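# Examining the three-dimensional arrangement
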Amino acid sequence: MGPFLDAFLFLIFIPLLLAIMTQLCSKKSSLGNRIMKMPPWIPVPFMSFVLFVVVASQIREVYSDLGTLIDVIPVYILFLLIIPWVSKSLGKLFKLDIASRRAITFSMGTRNSLVVLPLASILPEPLSTQVAVVIILQTVTELFGEVLYIKLVPKWF
């Protein structure tokens, strides 16, 4: 339990707390206010870099554990295929507008699995490596799914 709490505290909770404090402080500072008004696409290159580094750090394990990956890829693809119908049904049920229905689809299609990646590091080997590889594959699959959603969801809704 100790390693789990350490990983959660130092790799998830404290960074989240720092992000919240940064946003709160930015509202009281002119520099922070200007930073918060920057174009919303600014984080995209940074997130892309982080994703590239994370995937690159696990690429050797991906190749060494292709058997596990082949088993989980269909589950991820099935999930991405089901989500538009689920979100469309939820949108009808709650009488949401088109933009909200689209937002639900994109939100449900991406589960931010990289958030739990630090927790995988505390598992014993070889489970730690296998879980990390599965999490990264999930992220990459969702990324491709989101690209398809960009083209297909506007036609669907």
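Note that the structure is predicted; figures quoted are calculated from it, not measured.

Its boundaries defined by the atoms lining it, the largest pocket holds a volume of some 460 Å³. What lines the largest pocket is a set of 17 residues, among which Met-47, Leu-51, Thr-110, Asn-112 and Leu-143 lie closest to the centre. Counting only elements with at least two residues in the lining of the largest pocket, the list comes to α3 (43–64) and α7 (127–156). A per-element tally of the lining of the largest pocket places α7 first, with six residues. Partitioning the lining of the largest pocket into residue classes produces 10 nonpolar, five polar and two charged. In this structure, the second largest pocket encloses a volume near 280 Å³. Elements with a minimum of two residues in the lining of the second largest pocket: α4 (66–93) and α7. Take the lining of the second largest pocket: its biggest share by element is eight residues, from α7. Taken together, the residues that form the lining of the second largest pocket break down as 11 nonpolar, two polar and no charged.

With that out of the way, let us pick up a nonpolar patch on the surface. Taken together, the side chains of Met-1, Phe-4, Leu-5, Phe-8, Leu-9, Phe-10, Leu-11, Phe-13, Ile-14, Leu-17, Leu-18 and Met-21 make up a nonpolar region of the molecular surface, amounting to roughly 1,100 Å² of accessible area. You can see Ile-14 is positioned in helix α1 (residues 2–26). Judged by its relative accessible area of 30%, Ile-14 falls in the partly exposed class.

As a further point, take the confidence of the model for the protein chain. When the pLDDT values of the protein chain are averaged, the result is 85; 100% of them are 70 or greater. Here helix α2 (residues 30–36) stands out as the least confident element of the protein chain, with mean pLDDT 78; helix α5 (residues 98–109) is the most confident, with 92.

It is worth spelling out the packing of aromatic side chains at this point. Under the defined criterion, the tally for this structure stands at three aromatic pairs. Their ring planes at 75 degrees and their centres at 5.1 Å tell us that Trp-85 and Trp-156 sit as a pair that is edge-to-face. Of this pair, Trp-85 sits in helix α4 while Trp-156 is found in helix α7, placing the two residues 71 residues apart along the sequence. On the accessibility criterion, Trp-85 (51% relative accessible area) is exposed.

The rules behind these values
- Residues numbered from 1 in each chain as written.
- Predicted model: local features only at pLDDT ≥ 70, side-chain atom pairs only at ≥ 80, totals over all residues.
- Heavy atoms only, no water.
- 1 Å grid on protein atoms, 1.4 Å probe; cavity = no way out; pocket = protein on both sides within 12 Å on 5 of 7 lines; lining within 4 Å.
- Points joined across faces, edges and corners; volume = space filled by probe spheres on them.
- Helix = DSSP H or I, 4+ residues; strand = E, 2+ residues; numbered from the N terminus.
- Nonpolar A, V, L, I, M, F, W, Y, C, P; charged D, E, K, R; others polar.
- Patch = residues over 30% accessible without salt bridge, like charges linked within 9 Å, V, L, I, M, F, W, Y side chains within 5 Å.
- Areas by Shrake-Rupley, 256 points an atom, 1.4 Å probe, with all protein chains shown as cover.
- Salt bridge = Lys/Arg side-chain N within 4 Å of Asp/Glu carboxyl O.
- Buried < 20%, exposed > 50% of the residue type's maximum accessible area, 1.4 Å probe, protein only.
- pLDDT = per-residue confidence, 0-100.
- Phe/Tyr/Trp six-rings, centres within 6.5 Å; stacked < 30°, edge-to-face > 60°.

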